[in-house]
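Fold and contact review
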Amino acid sequence: MKYYDKLIFELSKEGRKGYTLPANGWETSLDELPEGLGRKAAPALPQVSEPDVVRHYTNLSQMNFGVDSGFYPLGSCTMKYNPRISEEIASMQDFAGLHPLQPASSVQGVLRLYKELSEALSAITGMAEFTLNPFAGAHGELTGLMIMRSYHIARGDYGRTRIIVPDSAHGTNPASAAVCGLEVVQVKSRADGLVDVEDLRPLLDETVAGIMMTNPNTLGLFEKDIKEIASLVHGCGGLLYYDGANMNPLLGVVRPGDMGFDVMHLNLHKTFSTPHGGGGPGAGPVGVAAHLVPYLPVPRIVADEDGQLGLDDDSADACGRISGFMGNFGVLLRAYAYILMLGRQNVRMAGPLAVLGANYIKESLRDCYRLPISSVCKHEFVFDGLADQESGVTTLDVAKRLLDYGFHAPTIYFPLLFHQSIMIEPTETESKETLDSFIEVMRKIAAESASEPELVKSAPHSSPVGRLDEVRAARQPVLTYRDYIDCSVK
Ligand SMILES: *Cc1c(COP(=O)(O)O)cnc(C)c1O
């Protein structure tokens, strides 16, 4: 227990102070406040010096693992590249100080940015038009499904109440479909991890609104039968929804629009530079093919005869309004800066680099870890635990041991298709040296599991908190170090 791990209140000494407030230049004194509005006593804040506060919070921040402290190969929900320049631009007062109710005439540049970003996303994905209004990936899914429903209803096609979702899909897909009032029908994967077209065929009829797919799928595999799937689903009058949360492996290689998808969403907070640790903020823009443009949500940006941009709230066909204003502007700004910074040429390199990094790790470790699907992967792949299962060392143990070596754990026990899933995604921005040191550590852990399994089973040994009882941690959360010591967890 280090001194600065104590609660900030315990560092407090009466009368100690680490701040001065700037003079505010107001004439009024507190005495002029109406009776009853002033404080009776000073707030019970800790009284500490500036260095004490800085050290306390710096030490706390270092107890956590982040993308700024080391390699973070978390498959499926990966934080990709978060350049510092995007943060700097997003925090500029000219942007951060905007008010959503400002008249359109005072924010012409912002509206232009919104328009240009949606055009860039259309070019990258092969869709006709994008709305940037949704606040997250799942929110984009809901928006996309509402667009699909509006399309069917506008054509008098009322019976399409079922949506097909592969068993390998991200959990938000069936959840969004349920929120949209659709009945979820699961389609199975084959042993090679791809959607089973033969299982799909009998599910298709006039009650199907469409199919939600991720390609490459959650196993990191490219759905080779996508053209046939697209023609089967379109053949029964359904639409194809593309979950593009992790678009990085496709960047510059193929476009969902060209594969036959009608609607898609992107996660700007995964693929286009906004950090998403801690649950937000995000943006889940939705792109549609030309025949679905009328159903995009309002408000939309329109130009008058003089080229002045404004907001249009009025569209009979729109699927509705899904956000109070025009989305999370700070996130849109980061994506815009990111795309301009990379430029057309370098945006194209992200996909191939992401794929190269993932395959390099996969091939370097396949003798030590079980590889249930060994074909070329895209941006991520899945091991099914250690190759040598004799020691009883599990995926959880491997993940915990990685922390001792300064790496964040990959995604574990997802997807559910295997019992010991370890899902690894390196992302396109990691150096070969970083990948090599991760490979070396993974090999070392495999060797330790054979020679000293107890060492791996009891990891982590070097983190501020040791192995937790995860069930108890959820049921009886220990929120201060005092309880932690009282519980004598370790
Ligand atoms: C992260 C993710 C989502 C959901 O995005 P949120 O912004 O967390 O709602 C959907 N699909 C896939 C494949 C994802 O990785």
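Everything below is about the structure shown above.
Residues numbered from 1 in each chain as written. Predicted model: local features only at pLDDT ≥ 70, side-chain atom pairs only at ≥ 80, totals over all residues. Heavy atoms only, no water.

Summing up its helical and strand segments, the chain has 16 helices and 12 strands in all. If one aligns the C-alpha atoms of the chain with their principal axes, the spans along those axes are about 75 × 70 × 45 Å. Looking at the 490 residues of the chain, the share that counts as buried comes to 46%. The long-range share in the chain, meaning contacts at least 24 apart out of those at least 6 apart in sequence, stands at 68%. Carbon and sulfur atoms make up 55% of the accessible area of the chain, which totals about 24300 Å². Taking the average location of the 43 positive side-chain charges in the chain and that of its 60 negative ones, the two points are 4 Å from each other. (Helix = DSSP H or I, 4+ residues; strand = E, 2+ residues; numbered from the N terminus. Buried < 20%, exposed > 50% of the residue type's maximum accessible area, 1.4 Å probe, protein only. Contact = heavy atoms within 4.5 Å. Areas by Shrake-Rupley, 256 points an atom, 1.4 Å probe, with all protein chains shown as cover. Lys, Arg positive; Asp, Glu negative; His and termini not counted. Charge placed at Lys NZ, Arg CZ, Asp CG, Glu CD.)

Looking now at the packing of aromatic side chains. By the definition in use, this model includes 10 aromatic pairs. Taking 4.9 Å as the distance between ring centres and 65 degrees as the angle between the ring planes, the aromatic pair formed by Tyr 242 and Phe 261 counts as edge-to-face. Taken together, the residues span a long stretch of sequence, with Tyr 242 in strand 5 (residues 239-244) and Phe 261 in the loop between helix 9 (256-259) and strand 6 (263-266) at a distance of 19 residues. Looking at Tyr 242, the relative accessible area reads 1%, which means it is buried. Phe 261 gets classed as buried once you look at its relative accessible area, which sits at 2%. In textbook terms, an aromatic cluster arises when at least three aromatic residues are bridged by ring pairs, as seen for Phe 71, Phe 407 and Phe 438. Stacked on the ring of Tyr 19, the Lys or Arg Lys 17 has its end atom at 5.3 Å from the ring centre. (Phe/Tyr/Trp six-rings, centres within 6.5 Å; stacked < 30°, edge-to-face > 60°. Lys NZ or Arg CZ within 6 Å of the ring centre and 35° of its normal.)

Judged from the four bridges that link them, strand 8 (residues 300-303) and strand 9 (residues 309-312) form a sheet pairing that is antiparallel. The partner of Ile 301 across the bridge, within strand 9, is Leu 311. Between strand 8 and strand 9, which pair antiparallel and follow one another directly, the connecting turn spans five residues, one of which, Gly 307, has a positive phi of 85 degrees. (Pairing = 2+ DSSP bridges.)

This model, assessed by the stated rule, comprises two cavities of 30 Å³ or more. Computed from the structure, the largest cavity encloses a volume of approximately 60 Å³. Lining the largest cavity we find Leu 219, Leu 221, Leu 371, Ile 373, Ser 375, Cys 377, Phe 381, Val 382 and Phe 418. Its residues placed into classes, the lining of the largest cavity shows eight nonpolar, one polar and no charged. Taken as a whole, the second largest cavity spans an internal volume of roughly 40 Å³. Looking at the second largest cavity, the residues that line it are Pro 166, Ser 168, Ala 169, Val 195, Met 213, Thr 214, Asn 217, Thr 218 and Glu 223. Looking at the lining of the second largest cavity, its residues break down into four nonpolar, four polar and one charged. (1 Å grid on protein atoms, 1.4 Å probe; cavity = no way out; pocket = protein on both sides within 12 Å on 5 of 7 lines; lining within 4 Å. Points joined across faces, edges and corners; volume = space filled by probe spheres on them. Nonpolar A, V, L, I, M, F, W, Y, C, P; charged D, E, K, R; others polar.)

Attention now moves to the sheet that holds strand 10 (residues 381-384). The three strands are arranged 10-12-11 in an open sheet whose pairing can be described as antiparallel. Two strands in the sheet have a free side with no partner beyond their single neighbour: strand 10 and strand 11 (411-412). Note: strand 11 against strand 12 (residues 421-424), two bridges, orientation antiparallel. In the sheet register, Thr 411 faces strand 12, and the bridge partner there is Met 423. The sheet strands contacting helix 11 (residues 329-365) are strand 10 and strand 12, and the helix crosses strand 10 at an angle near 20 degrees. (Axes fitted to C-alpha atoms, helices over the stretch in contact; angles between N-to-C directions.)

This part is about the site of the ligand. The immediate surroundings of the ligand are formed by 14 residues, with Ser 76, Gly 137, Asp 243, His 269 and Lys 270 found nearest. Between an oxygen atom of the ligand and a side-chain N or O atom of His 269, the distance comes to 2.7 Å. In this structure, Lys 270 approaches the ligand through a side-chain N or O atom, which is 2.8 Å from an oxygen atom. Those elements that provide at least two residues to the shell around the ligand are helix 5 (137-154) and helix 10 (268-271). Looking at which element gives the most residues to the shell around the ligand, the answer is helix 5, with three residues. Grouping the constituent residues of the shell around the ligand by class yields four nonpolar, seven polar and three charged. (Near = heavy atom within 4 Å. Polar contact = N/O pair within 3.5 Å; in protein donor to acceptor, adjacent residues only side chain to side chain.)

With that settled, consider the pairing of strand 2 (residues 162-166). Among the five residues of strand 2, five are classified as buried, and the element is accordingly described as predominantly covered. Along strand 2, one buried face is formed by Arg 162, Ile 164 and Pro 166 and the opposite face, lined by Ile 163 and Val 165, is buried too. Summarising the sheet, strand 2 and strand 3 (residues 183-187) pair through five bridges and their orientation is parallel. Within strand 3, the position partnered with Pro 166 by the bridge is Val 187. The handedness of the strand 2 to strand 3 crossover, carried by helix 6 (residues 172-179), is right-handed. (Right-handed = clockwise from strand over helix to strand, strands pointing away.)

This part covers unusual backbone geometry. Following Val 298, the chain continues to Pro 299 via a peptide bond in cis, the omega torsion being -5 degrees. With an omega dihedral of -5 degrees, the bond running from Phe 414 to Pro 415 counts as a cis peptide bond. Locating Pro 415 in the fold gives a position in the loop between strand 11 and strand 12. Notably, Tyr 413 is not glycine yet its phi reads approximately 55 degrees, a positive angle. By secondary structure assignment, the location of Tyr 413 is in the loop between strand 11 and strand 12.

Moving on, we come to helix 5. Compared with an ideal rise of 1.5 Å per residue, which puts 18 residues at 26 Å, helix 5 spans 25 Å between its outermost C-alpha atoms and is within 8% of the ideal. Taking burial as the measure, the 18 residues of helix 5 include 14 buried ones, the bulk of the element. Trailing helix 5 by a residue or two, Gly 156 shows a phi angle of about 75 degrees, which is positive. (Expected span 1.5 Å × (residues − 1).)

Turning our eyes to something else, we now look at a nonpolar patch on the surface. Taken together, the side chains of Tyr 57, Leu 60 and Met 63 present a nonpolar region at the surface, about 290 Å² in accessible area. Tracing the chain through its elements places Tyr 57 in helix 1 (residues 50-62). (Patch = residues over 30% accessible without salt bridge, like charges linked within 9 Å, V, L, I, M, F, W, Y side chains within 5 Å. Salt bridge = Lys/Arg side-chain N within 4 Å of Asp/Glu carboxyl O.)

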